[in-house]
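# Architecture at a glance
Residue-level listing of the chains:
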Amino acid sequence: MTLVINLIFGGHDTSRSVLTSAIALLTAHPGELEKLRREPDRAPAATEEILRMEAPVAVLGREPTETVETRGTKLEAGKMFFLSVLAANRDPAVFSEPDRFDIDREPKRSFSFGWGSHFCLGAALARAEVQGTLRGIACDTKAIERIGPPPAQVPFVSIRRLESFRIRVEAD
Ligand code: HEM
């Protein structure tokens, strides 16, 4: 039962969040959308940049089994601590101009699927879902634009997702 619940929330909530963020980012950055339209094979690169900018899993919790000290921070055994995926994904020591959305960005990596032994089991499926959606937008639409006010973030600490917003799509 736990595994089924984990798969439903881990595999559904995250994917719909990132797909919504993808549409919000592309409609807010017509230049990047145009690059994708000109070259739909940029979908994998755009997917990585969307995942970096708007990681659906915003924080990860850990509880050390033994006390460790790393870079001047002591993590005590048995005490839960949280890591910010959002902050790591915008670390200026790794990503130049980290707040800029750039589908050609290097390096193409992020912490959005976690790391190590608990690295996301569904990462390949999630990437395929986003890439397929981006190719659909690039190849099957003539225009896509947001109408109405910009969407607000849902006020959760651990999940990054947008409230609903309206778009207008012109099919090709
Ligand atoms: C964009 C979509 C997704 C994102 C951003 C995402 C993110 C993550 C993250 C950050 C973790 C690590 C959690 C931790 O270390 O505490 C994780 C684990 C996991 N994810 Fe995903 N996920 C996504 C889609 C999916 C899908 C589609 C599935 C399944 C079909 C899935 C199944 C899982 C499972 C089972 C784990 C636990 C792995 C383990 O603990 O060994 N995820 N995911």
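How each quantity is defined
Residues numbered from 1 in each chain as written. Predicted model: local features only at pLDDT ≥ 70, side-chain atom pairs only at ≥ 80, totals over all residues. Heavy atoms only, no water. Donors = N, O, S within 2.8 Å, 3.2 Å for Na, K, Ca; no water. Helix = DSSP H or I, 4+ residues; strand = E, 2+ residues; numbered from the N terminus. Axes fitted to C-alpha atoms, helices over the stretch in contact; angles between N-to-C directions. Parallel < 35°, antiparallel > 145°, perpendicular 65-115°, else oblique. Contact = heavy atoms within 4.5 Å. Nonpolar A, V, L, I, M, F, W, Y, C, P; charged D, E, K, R; others polar. Near = heavy atom within 4 Å. Polar contact = N/O pair within 3.5 Å; in protein donor to acceptor, adjacent residues only side chain to side chain. 1 Å grid on protein atoms, 1.4 Å probe; cavity = no way out; pocket = protein on both sides within 12 Å on 5 of 7 lines; lining within 4 Å. Sits in = over half its atoms within 2 Å of the grid points.

## Focus on the coordination of the iron atom of the ligand
A lone protein donor binds the iron atom of the ligand: Cys120 (SG), at 2.3 Å. With respect to the helices and strands, the residue Cys120 is situated in the loop between helix H4 (85–89) and helix H5 (123–140).

## Digging into the packing of helix H2 (residues 30–38) against H5
One can describe the packing of H2 onto H5 by two numbers: an axis separation of 8 Å at closest approach and a directional angle of 85°. When the axes of H2 and H5 are compared, the pair comes out roughly perpendicular. Along the contact surface, H2 presents Leu33, Leu36 and Arg37, while H5 presents Leu134, Ile137 and Ala138. In terms of residue class, the contact of H2 with H5 is built from 5 nonpolar, no polar and 1 charged.

## Details of the site of the ligand
In the vicinity of the ligand lie 20 residues, with Gly10, Gly11, Arg62, His118 and Cys120 positioned nearest. A distance of 3.2 Å separates a nitrogen atom of the ligand from a polar backbone atom of Gly10. One of the side-chain nitrogen or oxygen atoms of His118 is found 2.6 Å away from an oxygen atom of the ligand. Cavity membership is defined here by more than half of the atoms lying within 2 Å of grid points; on that basis the ligand lies in the largest pocket. Broken down by element, the shell around the ligand gets its largest block of residues, 5 residues, from helix H1 (residues 2–28).

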